[in-house]
Amino acid sequence: MNQTVQARRTTPALTPLYFLRIASVLAGFVAVWWAWNRLNMSVLAFFDDLQNVVNLFKRMYPPNFSEMNRIISLTLETLWIALLGTFGAVVLSYPLALGASANTTRHPIIRYICRSIITLTRAVPELILAAIFVAAYGPGPFCGILALALHSIGMIGRLFSDAIEETNDVSGDAVSSVGATRRQRIRSAVIPQALPSFVSTALFRLEINIRGSAVLGLVGAGGIGQVIGESLETIQYKPALAAVLVVFIVILAVELLSTSIRQSLIGEAATQQQNKQRRRFSDFLNRRDAILNQNAFEKRQLSPPWTSERIFRSSMFIFVTGLVLFAIFTVDIQWKYAYQNSHKMWNVLKLMFPPGAGGESSLLIRGLVESMAISIVATFLGVLVALPLGVMMARNINVRRFFSFGTRIGVLALRGIPELIIAVIFVSAMGLGPVPGTLALSVTVAVFAAKLFADSLEEVSPAPREAVVAVGATKLQEFSAAVVPQFISPFVSTLFYLLDVYFRSSTVLGIVGGGGIGYLLIQSIKVYQFKITTVIVISIYLIVLAIEWLGNGMRRLFK
Amino acid sequence: MTPHLEVVANESVATITVAALSKRFPNGTLAVDDVSFIVPQGQVVGLLGLSGSGKSTLMRLINGLHSPTSGTVNVLGVDVGSAKQGELRELRRHMGFIFQQFGLVGRATCLENVLIGSLGRLRGPRLGVRTYPKALRLLALERLDRVGLGAQAFQRAETLSGGQMQRVAIARSLMQEPKVLLADEPVASLDPESSNQVLDLISTIAREDGMTVLCSLHQVELAIGRTDRLIGLRDGNIVLDQLTAGIDSDVVMDLYRRHGTSDVVREATYA
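Because the structure is predicted, anything quoted here is derived from the model rather than measured.

Enquirer: Looking at this model, I keep getting lost on the overall build of chain B. Mind explaining?
Expert: The helix and strand tally for chain B stands at eight helices and ten strands. In chain B, which comprises 271 residues, the proportion classed as buried is 47%. Residue pairs at least 24 apart in sequence account for 69% of intrachain contacts in chain B once pairs closer than 6 positions are excluded.

Right, here's the structure in full:
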């Protein structure tokens with residue numbers, strides 16, 4: 001305080017933290033520059049590529065719907081695969097989640113085993129699982145269902161377990177206090193609390209699996225992907241476009257449907273909101289329900305009355321059960337064949353161990369490095385596009401309504417298309433190689449990241465923004481002074497989350513000729529070199545762990 | 001209710017003129033209902049009322065953060081309701097605003113938060129202390145000294161206590177060299193000691209710099225000795241407008257008590 005005014009420092013001291021931040025940003029740009037050169041990307045070629053894609057669409061047009069019957073039946077098969085895969089995953093996840101949660105399982109070793117299984121299933125991409133099953137059981141939707149069921153455990157089990165651990169312990173204690181057993185405690189106190197979360201998780205995963213099942217056919221695991229794969233291999237683009245269009249429409253419809261179901265099914269608030277919208281009808285229902293409740297009370301009915309809520313829930317339950325049963329009988333699952341071939345699966349498993357590079361270690365490393373480069377460039381390009389899109393989409397940032405709405409619709413429409421289908425289109429237009437794969441992945445990153453950015457922008461606290469407006473700042477000044485500082489930390493988190501997700505994606509691009517380790521991965525399965533498959537899968541898993549670790553560090557650095 | 005003659009001593013130097021002002025929100029709530037008063041230059045006015053009585057809305061109407069449904073607000077000769085974006089920004093540059101929740105950017109340093117107060121004078125967006133001119137940085141340090149937080153200049157705002165945060169917010173307003181200071185419940189989320197500190201700071205600064213102040217408060221005791229005049233709001237209406245000197249605090253308390261008890265009675269009947 002004794003210093004004279006002129007001698008005081010007017011900028012923060014340059015702490016090591018400050019230099020570390022600058023260094024990490026620089027390192028990030030160096031990584032992008034390296035990856036860019038590694039893939040021989042060039043901005044000029046990009047316009048040629050764009051031209052090629054446009055040309056391809058011209059060649060694809062008009063779509064050939066002559067095989068419409070086949071397309072429709074395979075699209076339905078895709079939906080059934082997704083439904084049964086999700087159903088299987090839910091059934092498998094339920095005991096695993098109970099075993100992995102601290103408040104339902106006391107034994108730490110059991111907990112550890114369950115948790116490890118959940119984490120491991122997520123490590124192997126579903127397409128690779130599907131390819132392995134196809135190698136063992138032969139092609140068919142059964143492999144797709146199995147692959148989805150196993151891979152989805154990673155997410156469903158994790159979220160189920162989170163939901164179980166978030167339940168209120170006091171109600172559990174209350175149940176225990178009357179002398180209930182542990183199973184009774186779980187059944188009466190834990191599950192009822194976690195159930196809404198279970199339902200929303202299952203629906204969310206169903207949505208993801210519908211997108212995923214659309215490409216399972218590329219490795220012979222059933223569904224519409226088959227048509228897309230075949231017709232592109234034989235350079236017949238017109239039926240492919242027809243299939244892509246059908247997939248696109250189905251996925252969009254499912255997305256809209258699931259959004260509305262999720263809103264109507266979960267939470268009192270949602271119900272009330274709806275009641276407000278349909279006041280008259282709900283007034284009638286409420287009055288009727290009140291009478292039902294009263295009757296039940298006066299006549300001492302022993303089961304709950306059939307109020308509209310109960311009718312809705314029961315009919316939903318019956319509908320879903322019916323749908324699953326219908327799917328089981330519709331999809332051509334050759335149980336007998338599957339049973340007979342189970343020894344082959346055992347052989348495949350035996351071949352997977354011990355893992356070995358089989359003399360291909362340099363190819364393997366090159367493939368992994370290329371995948372890494374693809375995911376870095378794709379994340380960079382995607383984020384570059386997603387930032388302005390996210391700002392336009394965020395409802396709390398004042399952009400012209402027209403742009404905001406338009407961007408939302410565009411992003412919603414594009415979000416549904418699986419990245420492998422985009423990759424197929426780009427590879428068909430530009431030829432084999434990592435560049436079309438990278439560009440296809442960038443499109444997916446951009447769309448997904450725009451949504452994530454918009455979400456975190458909407459979470460920005462309004463208080464400082466109002467204060468900045470109150471000093472007479474312009475919109476741009478308000479954005480930079482009050483919104484940007486709040487956005488830095490979620491941005492860093494999102495960046496590494498994207499890198500994590502899209503590194504996984506980049507490892508399967510090779511299946512359609514989009515570069516990276518995927519080509520070697522799929523070839524190793526096709527030629528029964530399963531020990532190489534294991535090495536690759538383990539390497540991918542280790543890289544993902546490394547990205548996660550780096551992300552955690554960066555998150556702390558930019559907190 | 002017509003304002004007392006002595007409180008509108010000289011209309012020619014009126015800083016804030018509110019005339020027949022009403023605000024109805026889209027959900028139908030009438031937050032401010034036909035309110036009129038005049039604040040002359042340099043007067044420190046305490047705005048009293050319970051939560052939901054319309055104090056915050058009134059403040060925001062004066063600053064132009066809300067626009068009136070009917071009636072007018074005139075501040076420093078500018079009609080706030082009809083001012084264009086640019087004019088409104090120009091006006092806000094001369095008007096400090098203190099929020100109950102401080103409105104600081106938690107991740108930014110105190111110095112940067114204070115510098116935000118000078119944005120109105122600068123062109124273009126700023127991010128980080130280094131993007132502001134050195135002269136302004138020195139000025140901001142001096143403002144922080146004035147609120148007694150010069151030593152915390154490079155600490156992140158989110159690491160401060162509530163009372164300190166509010167003092168940083170005051171320093172941010174001082175950066176604007178405001179002619180008018182609006183303080184919306186500045187001490188509602190502070191402990192009694194910090195409350196006294198913050199209010200003393202506001203009243204001292206107001207007198208030293210000759211600022212016109214409108215400060216909303218929950219408690220009468222806090223206003224006494226620090227304000228020149230008290231305006232009481234209830235359900236969007238003015239129910240009290242007197243000079244603070246010699247005010248009978250029982251009269252004011254009575255106002256609250258009657259309101260308070262009636263609420264209790266109403267709740268009791270429903271329960």
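Back to the write-up after that little detour.
Enquirer: Would you take a moment to explain the overall build of chain A for this structure?
Expert: Within chain A, the secondary structure is distributed over 23 helices and zero strands. Computed over its C-alpha atoms, the radius of gyration of chain A comes to 27 Å, within 12% of the 24 Å expected for a compact globule of 559 residues. In terms of overall dimensions, chain A has a C-alpha envelope of 80 × 80 × 55 Å along the principal axes. For chain A, the residues scored as buried account for 40% of the 559 residues in total.

Enquirer: Explanation requested: helix α22 (residues 518-526) of chain A in the structure shown.
Expert: It helps to recall that an α-helix has 3.6 residues per turn; residues three or four apart then point in one direction. Residues and elements named next belong to chain A. The buried fraction of α22 amounts to seven of the nine residues, a majority that puts the element mostly inside the structure. Those residues of α22 that fall on the buried side of the exposure criterion are G518, Y519, L520, L521, I522, S524 and I525. Elements that come into contact with the buried residues of α22 comprise α5 (126-137), α16 (361-393) and α23 (530-557). Within two residues after α22, Y528 carries a phi angle of roughly 60°, on the positive side.

Enquirer: Teacher, can you tell me more about the domain arrangement of chain B here?
Expert: Quite often, the size of an interface is put as the accessible area lost when its parts meet. Residues and elements named next belong to chain B. Domain annotation for chain B reports domain 1 (12-94 + 180-266) and domain 2 (104-177). Spacing between the C-alpha centres of domain 1 and domain 2 amounts to 25 Å. For the side of domain 1 that touches domain 2, the elements supplying multiple residues, two or more each, are α2 (85-92) and α6 (192-209). Here the element with the most residues in the side of domain 1 that touches domain 2 is α6; it accounts for six residues. Considered class by class, the residues forming the side of domain 1 that touches domain 2 number seven nonpolar, four polar and three charged.

Enquirer: So what exactly am I meant to see when it comes to the interface of chain B and chain A here?
Expert: The interface is formed by 32 residues belonging to chain B together with 26 residues belonging to chain A. Elements with a minimum of two residues in the side of chain B that touches chain A: α2 and α4 (134-146) of chain B. Looking at which element gives the most residues to the side of chain B that touches chain A, the answer is α4(B), with five residues. In terms of residue class, the side of chain B that touches chain A is made up of 14 nonpolar, eight polar and ten charged.

Enquirer: Would you mind showing me how to read the sheet that holds strand β4 (residues 70-75) of chain B here?
Expert: Residues and elements named next belong to chain B. One open sheet holds the four strands; their spatial order is β2-β1-β4-β5, and the pairing between them is antiparallel. Looking along the sheet, the strands with just one partner apiece sit at the ends: β2 (30-40) and β5 (78-79). Helix α1 (residues 55-63) contacts β1 (14-24), β2 and β4 of the sheet and is inclined by roughly 60° relative to β2.

Enquirer: Would you explain the pairing of β1(B) in this entry?
Expert: For a regular strand, side-chain orientation follows a simple rule: the groups alternate between the two sheet faces. All names here are of chain B. As defined by bridge partners, β1 adjoins β2 across seven bridges and the pair is classed as antiparallel. For K23, the partnering residue across the bridge sits in β2 and is V32. Counted between consecutive antiparallel strands, the loop separating β1 from β2 contains five residues, among which G28 sits at a positive phi close to 100°. As defined by bridge partners, β1 adjoins β4 across five bridges and the pair is classed as antiparallel. By the bridge assignment for β4, I16 is matched with V75.

Enquirer: How should the environment of A:L292 be read in this particular structure?
Expert: Residues and elements named next belong to chain A. Within the fold, L292 resides in helix α12 (residues 279-298). Sequence separation between L292 and L218 is 74 residues; the distance between their C-alpha atoms is 54 Å. L292 has contacts with P305, W306 and T307, leaving out every residue within four places of it along the chain.

Enquirer: Whenever I open this one, the confidence of the model for chain B confuses me. Can you help?
Expert: Note that predicted coordinates carrying low pLDDT should not be read in detail. Residues and elements named next belong to chain B. Summing up the model confidence of chain B, the mean pLDDT is 85 and the portion of residues at 70 or higher is 88%. Here residues 260-271 is modelled with pLDDT under 50, and outside its nearest four sequence neighbours on either side it reaches zero contacts, counting other chains as well. Scored by ipTM, the complex comes to 0.85, with pTM at 0.83.

Enquirer: Even after reading the chapter, I still don't get the domain arrangement of chain A, so can you show me in this structure?
Expert: All names here are of chain A. In terms of domains, chain A is made up of domain 1 (68-292 + 306-351) and domain 2 (361-557). If you average the C-alpha positions of domain 1 and of domain 2, the two centres end up 25 Å apart. Contacts between domain 1 and domain 2 engage 25 residues on the former and 21 residues on the latter. Contributing elements (two or more residues each) for the side of domain 1 that touches domain 2: α5, α8 (182-213), α9 (225-233), α10 (237-265) and α15 (342-352). Counting residues per element, the side of domain 1 that touches domain 2 draws most heavily on α10, at seven residues. Partitioning the side of domain 1 that touches domain 2 into residue classes produces 22 nonpolar, one polar and two charged.

Enquirer: Got a minute to help me understand the packing of helix α2 (residues 43-60) of chain A against helix α18 (residues 419-430) of chain A in this structure?
Expert: Helix-helix packing is described using two parameters, namely the angle between the two axes and the distance between the axes. Residue and element names in this part refer to chain A. In contact at an axis separation of 8 Å, α2 and α18 are set at 105° when each is read in the N-to-C sense. Here α18 runs roughly perpendicular to α2, going by the angle between their axes. Here α2 contributes D49, N52, V53, N55 and L56 to the contact with α18, which in turn contributes I425, F426, S428, A429 and M430. In terms of residue class, the contact of α2 with α18 is built from six nonpolar, three polar and one charged.

Enquirer: Please clarify how the sheet that holds strand β10 (residues 237-243) of chain B should be interpreted in this entry.
Expert: Strands belonging to one sheet form pairs held by backbone hydrogen bonds; the direction of such a pair is parallel or antiparallel. All names here are of chain B. On the basis of which strands lie adjacent, the open sheet formed by six strands has the order β6-β7-β8-β3-β9-β10 and mixed pairing. The outermost strands of the open sheet, each flanked by one partner alone, are β6 (95-98) and β10. Sheet twist, expressed as the mean angle between neighbouring strand axes with direction ignored, is 15°. Sheet topology note: the strand β7 (residues 180-183)/strand β8 (residues 212-217) ladder contains four bridges and is parallel. Bridge pairing links L182 to L214 in β8.

Enquirer: Is there a simple way to think about the packing of helix α3 (residues 68-100) of chain A against helix α6 (residues 141-165) of chain A in this case?
Expert: Residues and elements named next belong to chain A. Two elements in contact, α3 and α6, have axes whose closest approach is 6 Å; the angle formed by their N-to-C orientations is 40°. Of the possible angle classes, the one that applies to α3 and α6 is oblique. Viewed along their axes, α3 and α6 form a crossing whose handedness is right-handed. Broken down by class, the residue content of the contact of α3 with α6 amounts to 19 nonpolar, eight polar and one charged.

Enquirer: Would you mind going over the pairing of β4(B) with me for this structure?
Expert: Residue and element names in this part refer to chain B. As defined by bridge partners, β4 adjoins β5 across two bridges and the pair is classed as antiparallel. For N74, the partnering residue across the bridge sits in β5 and is D79. Once β4 ends, the chain turns through two residues before running back antiparallel as β5, passing L76 with a positive phi of about 50°.

Enquirer: Explain unusual backbone geometry here, please?
Expert: Note: most residues except glycine have negative phi, and most peptide bonds are trans. Omega for the peptide link from A:F353 to A:P354 comes to -5°, which places this bond in the cis form. Note on placement: A:P354 falls in the loop between α15 and α16. With a phi close to 60°, A:Y528 is a non-glycine residue in the positive phi region. Relative to the elements of secondary structure, A:Y528 occurs in the loop between α22 and α23. The phi dihedral of B:D34 is positive, around 50°, even though this residue is not glycine. Take B:D34: it is sitting in strand β2.

Rules used in this analysis
Residues numbered from 1 in each chain as written. Chains lettered and ligands numbered in written order. Predicted model: local features only at pLDDT ≥ 70, side-chain atom pairs only at ≥ 80, totals over all residues. Helix = DSSP H or I, 4+ residues; strand = E, 2+ residues; numbered from the N terminus. Buried ≥ 20, exposed ≤ 12 C-beta atoms within 10 Å, placed from the backbone. Contact = placed C-beta atoms within 7 Å. Rg over C-alpha atoms; globule rule 2.2 N^0.38 Å. Domains from an automatic or database assignment. Nonpolar A, V, L, I, M, F, W, Y, C, P; charged D, E, K, R; others polar. Pairing = 2+ DSSP bridges. Axes fitted to C-alpha atoms, helices over the stretch in contact; angles between N-to-C directions. pLDDT = per-residue confidence, 0-100. Parallel < 35°, antiparallel > 145°, perpendicular 65-115°, else oblique. Left-handed = near helix turned anticlockwise from the far one by under 90°.

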